[in-house]
Amino acid sequence: MFYTETRKRYFILFLYLTLFPFTALFPQQSAKLRRSYTFNLPADSITATLRRVTAHTGATFAYDPEQLRNKSNPDLHFVQVPLEEILGKILSGTGLGFSPVARDIVIAPEPEKTWSIHGHIRDAASGEELIGAIVQIPALGVGISTNQYGFYSISVPQGVHELFISYSGYQAQRRRITLDRNLQEEIELSLQPRILEEVVIRKSSVSPNPILMNEQNVTVKQLSSVAYYAGETDVMKRLQMQNGIRSITEGSSSLFVRGGNSDQNLILLDEAIVYNPSHLYGLISVFNSDVVNNIQVYRDYMPANFGGRLSSVIVNRMTEGNNKEYHVSGGINPMSVRVAAEGPIVKEKGSFIAAYRRSMLDVFRNKFKLFNPNSVYYDINAKANYRLDSENAVFYSLYLGKDNLRSENSYINTWGNLTSTFRWNHIFNSRVFLNVSAIYSDYSNLLDLNADTLSEKSQWRTGIKDLTLKADYTYYRSPTNQIKFGLSGIYHRFTPGEMNDKSDFEFNIARDRSVETAVYYTQEIGLSKSFELNYGLRLSYFRNSETKNNLFDNNGNRIDKKESVSFLRPEPRINISFLPSEGQRVFLTYNLNYQYLQLVQNSVLAFSSLEPWIPASASIRPQSASQVSLGYRYSPDGYDFQFSTYHKYFTNQLELAGHAQIIRNPAVRQQLLPGYSRAAGLETEISRSEGRFTGTVAYTYSRVYRQQAGINSGARYIANYDIPHELKFNAKMDFNNGLSVQSAFVYSTGRPLTLPVGYYQHDGLNIPIYEGRNTSRFPDFHRLDLSAQYRLQTPIKGKRSMSHVFSAGVYNVYNRKNPLYYRMIAPTATEGANTIEYGFGCYPWIAYSFKI
C-alpha cells in the first residue's frame, strides 16, 4: 500500500526526523530490513522501483514525491540480499537515506555529515600549550577556544574549510583543510615581532566572542609589565589591581573578593589547593612569576567543576617547560634572587622546568617592622611532562615553599606549603577529552610560644593535609554546545592546633578527618547569535570525624572517641548572556556555593601566619553564599567598558567571641559564633588594550555587613574588610621596542577597626573597654608607584641570544604614610596610649632579569 496523501507523508517524515534516535524501537520493520530476497529491478524511476520492491517484499514506504522527482536507478540484480542492502543500492548517489518508523520505511534526505577537527595549540618556540587560543572557521561563523590544557575540538559539516587560529601576542595563522573524516591538527603559533605597529590584534566578529568569557585571564605578558614592591613581579599583587578584588592593608597577599573573607577563595596551583599563598606575612606571594603560564579568575559565574569556596576561584597554571631547546633564566632585586632551567626530555615529546627563588632580606639587610632582617623564605617549582602518543600525555608538578621568620627576641615562626600533582590527559575521540588528576597538598605552621627563657620555649603546630583524586570529562558536541562533567574526592587531615610533639597535651585542639566529594555537570549552549546559556549543578557531600580529647573512663584511662556528621548540598549555577549587537554583552548570573572549611583567625591581626583551618562539624554548620550579579560590557576596537552590580547573602559566617584565644584553647569551636553577612556593590571599569598607550581605570563602591548573636550586642556591624570606595589606575607607555614606563595608583577608604574607649583594673591589670564593633576606621589609603623597563637582546652564538630586562622604579612616590595597624600600649594611669604603626615609605629600587 502506498501513501499519497500529502499530510500523511509529511507527518511520517516529521516522525522520522524527531524519532530518528529511537528507530531501534520498531523491531518488525528492522527485522524485515535484515531479511534476504532474490529479484531483479529494471532501470526506472526510484518511485516506480519502490512500488516493485513493495510488491516483492510487502514493505511499505513513506516519502515526499518532490524529493524523488527526476531520480532513477540502473538495472539491479539481487540474489539472497538483505532488504537494507537493496535499498542502499537503489538510493546510492541520491543523497537520500531510509529508516523504519512505525509500520513504514521512511525515505528522506540523509543528515549532513559532520566531522571533527581536534588537537592542541602550542607555542612554536617552546611547545608550551596556549590556554584560551581561538580556532575559527570564518565562513561558517563558528569557533572555539582551547581549554586549560591547550586542547580544542570543533565539529563542522564535511567539505573544504579554512581555519583561522589566533592568540593574543602571537602571529595569526590560516590553514586550509579538506574535511572528509575526523582530523587531528596540532598547531603551533609564533610570537609576534616586538614592533609596536604590528602587535595590535583586532577582535573577530565570529564566535567565540571574547566578551562572552566568564573569567578574567592574566597572561605572563601582563604579569611581567607590572612590578610591585622592590621590583618583585607578584601574582597576588597583580590580582589585587583587578576590579572587585582588594587587600585590606599594604603588604598583604590576602584577597577579599566581592564581600567575601580571605579564606573564601579557592586558590589552585596546577589543581592543588594552596592554603596560605603568602611569604613574609603577605609581602610576597608564593607564586614565582618565572613559572606562571596563565591565571584565570572566576568571580561572577563559577563553573560547576569548581567548588568548596564561596567568593572566587583562582587557577594558576605552571608553565610546562620548553620541549625544543634548553634555556636558563633568572633575576635579582632587593627582595629576592631567582634562577630557572628548562628544556626537552625528549625533543618535542617531553619537557621539564625547575625554578628556585630565595629572599635577599638577610643580604641587603632590609628592615621591616614585622620581622627582622634575618628572616628568609625560599620556594622550589618543578614540572615535567611527556606525550605517550597522540592521545595520551602525563604531567607531574611539584611546589615546595618555606618561611623562617625571626623576631627581635629570637622567636621563630616557620610555615610552608607542599603541593604535588600528577595528571593524565586522554583523548577518547575527536569530541571527548579526559583529565585525571591525583593531588597532594600539605600546609603546616610552627610558632614559638612565649616563655621566660629560651630553654622553656614551646611550639604550637597547625596544619592541613589533603589527598585528592578527580576526573573531568569534556564533550564537544558542537561549536555552540559544550558539556563538562566529572567527579572528585578529597581526604582532609586537620591539625587545628596542638603543642609540637605533645599529642596528649590537655590544651590541644581536637583533630579532624574529613572526606569531601562532589559530582558535577555543566553545559555551555549558544541558543542563538544573541543568546548564550551557561548552567551547571554540583552535588557536594562532606563527612567529618572529630576526635574527642580529654575523655577518660572511671579508671582514668583515656577514651578514644570520635564524633561524625555528614552534609549533602546541591549547588546550582546559571549565567544568561544577551548580545544586543556586536561588541556588547548583558549578563545575569546566579551562584549558590557551599564551603565546608573555615579559617580561624583573630580578625584584628592584619599580619599573621597563624591560620588554623577547621571543618564543618556537629557544632559548625557549612557556610553558604548566594550571589546574583548583573553586568554590561561594551568592547569597541581597542577599548573595553564594563559595569556590573552584585548582591551576596552569606550564612553561617563565623566570628570569634570577644577575648577568645586561638592558641591552647580546646574549646575554640564553641567560641566561634555563627551569623550571616550581606554584601552589595557596583563596579565600573574602562580600559584600553591597543596601541602604545594602554591602561585601566576602575572604581568600586561596595558595602559588607555582618551580624552575630553575642557580638556588638547582636546588632548589625560593618565587616573588618568593608571598604566602601576604591579607585585603581594603571597605565603603560611603550616608547619603542625596548623602553616602556608603567604607573599604578590606588585609593581606598580606610578599613574598619575597634578601639578601646577606656580601661578598668582587674588584679592589677588594665583591661580595655571597647567601643561598638568596627565603629572606627584607619585613615584612607592611597599610593602611587612608578617604574620603567628596558629590554635588549645580545647575540651569543649562532642563532642564540641572551635577553636582558633592566628595571627601575619608585614605590610610594610621594611617601604616603599608610597605617599597618594600631599598637595598643598598656597605660600607666587611667588612659591608654595607642600608636599607629605605618607601612612602607618611599622606596626606590632597581632589578635585573635575563634569559639565555
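Computed from a predicted structure; not experimentally measured.

Procedures and definitions
Residues numbered from 1 in each chain as written. Predicted model: local features only at pLDDT ≥ 70, side-chain atom pairs only at ≥ 80, totals over all residues. Heavy atoms only, no water. Helix = DSSP H or I, 4+ residues; strand = E, 2+ residues; numbered from the N terminus. Buried < 20%, exposed > 50% of the residue type's maximum accessible area, 1.4 Å probe, protein only. Areas by Shrake-Rupley, 256 points an atom, 1.4 Å probe, with all protein chains shown as cover. Salt bridge = Lys/Arg side-chain N within 4 Å of Asp/Glu carboxyl O. Pairing = 2+ DSSP bridges. 1 Å grid on protein atoms, 1.4 Å probe; cavity = no way out; pocket = protein on both sides within 12 Å on 5 of 7 lines; lining within 4 Å. Points joined across faces, edges and corners; volume = space filled by probe spheres on them. pLDDT = per-residue confidence, 0-100. Contact = heavy atoms within 4.5 Å. Axes fitted to C-alpha atoms, helices over the stretch in contact; angles between N-to-C directions. Core = buried A, V, L, I, M, F, W, Y, C linked by side-chain atoms within 4.5 Å. Patch = residues over 30% accessible without salt bridge, like charges linked within 9 Å, V, L, I, M, F, W, Y side chains within 5 Å.

Trainee: Explain the overall build of the protein to me, please; I cannot follow it from the model alone.
Mentor: Helices and strands together make up the secondary structure of the protein, namely eight helices and 55 strands. Expressed as a percentage of the 852 residues in the protein, the buried residues total 53%. Only carbon and sulfur atoms are counted for the fraction: they give 56% of the accessible area of the protein, which is about 37600 Å².

Trainee: When you look at the pattern of salt bridges in this model, what are you seeing that I'm missing?
Mentor: Oppositely charged side chains are able to pair whenever their charged atoms sit close together. This model, assessed by the stated rule, comprises 36 salt bridges. With a shortest N-O distance of 2.8 Å, arginine 175 and glutamate 185 are connected by a salt bridge. Highlighted residues: arginine 175 in strand E13 (residues 173-179) and glutamate 185 in the loop between strand E14 (183-184) and strand E15 (187-189), separated in sequence by 10 residues. Judged by relative accessible area, arginine 175 falls into the partly exposed class, the value being 23%. Taking the relative accessible area as the measure of exposure, glutamate 185 reaches 16% and is therefore buried.

Trainee: Teacher, can you tell me more about the pairing of strand E25 (residues 327-332) here?
Mentor: Walk down a regular strand and you will see the side chains alternate between the two sheet faces. With six bridges connecting them, E25 and strand E26 (residues 336-346) associate as antiparallel partners. Residue pairing for E26: histidine 327 is matched across the bridge by glutamate 342. The turn joining E25 and E26, which pair antiparallel and follow one another in sequence, is formed by three residues.

Trainee: Could you clarify how one ought to interpret the sheet that holds strand E20 (residues 272-273) in this entry?
Mentor: Whenever strands of a sheet pair, they do so through backbone hydrogen bonds, lying parallel or antiparallel. Read across the open sheet, the five strands follow the order E16-E23-E24-E19-E20; overall the sheet is mixed. For this open sheet the edge positions go to strand E16 (216-219) and E20, each flanked by a neighbour on one side alone. Across six bridges, the pairing between strand E23 (residues 292-298) and strand E24 (residues 312-318) is antiparallel. When the bridges of E24 are listed, valine 297 appears paired with isoleucine 314.

Trainee: Can you walk me through empty space enclosed by the protein in this structure?
Mentor: Under the defined criterion, the tally for this structure stands at six cavities of 30 Å³ or more. In this model, the largest cavity occupies a volume close to 490 Å³. Around the largest cavity, the lining is made up of 36 residues, and of these Asn305, Phe306, Lys470, Ser488 and Arg538 lie nearest the centre.

Trainee: What exactly am I supposed to notice about the confidence of the model for the protein here?
Mentor: In regions of low pLDDT, the predicted coordinates are not meant to be interpreted in detail. The share of residues in the protein with pLDDT of 70 or more is 90%, and the mean pLDDT across the chain is 86. Overall, residues 1-8 carries pLDDT values under 50, and its contacts beyond four positions in sequence, including any with other chains, amount to 10 contacts. Contacts from residues 11-26, a stretch scored under 50 in pLDDT, to residues over four places away or in other chains number 20 contacts.

Trainee: Sorry, what's going on with the sheet that holds strand E3 (residues 61-62) here?
Mentor: Ordered by their spatial adjacency, three strands build an open sheet running E3-E7-E6, and the pairing between neighbours is mixed. The open sheet is flanked by E3 and strand E6 (96-101), the only strands paired with a single partner. Bridge count for E3 against strand E7 (residues 104-109) is two bridges, and the pairing is parallel. Bridging across to E7, alanine 62 finds its partner in valine 106. Contacts from helix H5 (residues 83-90) reach E3, E6 and E7 within the one sheet, and its direction differs from that of E6 by about 150 degrees.

Trainee: Would you take a moment to explain the nonpolar core for this structure?
Mentor: Nonpolar side chains in soluble globular proteins tend to end up buried together. Tyr229, Leu280 and Met335 are the most contacted members of the largest nonpolar core, which has 37 residues in total. Those elements that place two or more of their residues in this core are strand E19 (265-269), E24, strand E33 (481-499), strand E36 (561-578), strand E37 (584-595) and strand E38 (597-599). Judged by nonpolar contacts, the second largest core, of 25 residues, contains Ile117, Ala133, Leu179 and Leu183.

Trainee: Mind showing me how you'd approach unusual backbone geometry here?
Mentor: Most peptide bonds are trans, and most residues other than glycine sit at a negative phi. Phi angles above zero are rare outside glycine, and glutamine 80 is one such case at about 50 degrees. Assignment of secondary structure puts glutamine 80 in strand E5 (residues 76-82).

Trainee: Is there a simple way to explain a nonpolar patch on the surface in this structure?
Mentor: On the surface, Leu527, Phe531, Ile574, Ile576, Phe578, Val586, Leu588, Val628 and Leu630 cluster together into a nonpolar patch covering about 720 Å² of accessible area. Elements with a contribution of two residues or more to the nonpolar patch: E36, E37 and strand E40 (623-634). At three residues, E36 tops the list of elements feeding residues into the nonpolar patch. Within the secondary structure, phenylalanine 578 is located in strand E36.

Trainee: Would you mind showing me how to read the environment of arginine 493 here?
Mentor: Mapped onto the secondary structure, arginine 493 falls in strand E33. Given a relative accessible area of 33%, arginine 493 falls into the partly exposed group. Once the C-alpha coordinates of arginine 493 and isoleucine 614 are considered, the two residues, 121 residues apart in sequence, prove to be 9.8 Å apart. Each residue touching arginine 493, except ones within four places of it in the same chain, is listed here: Gly463, Ile464, Lys465, Asp512 and Arg513.

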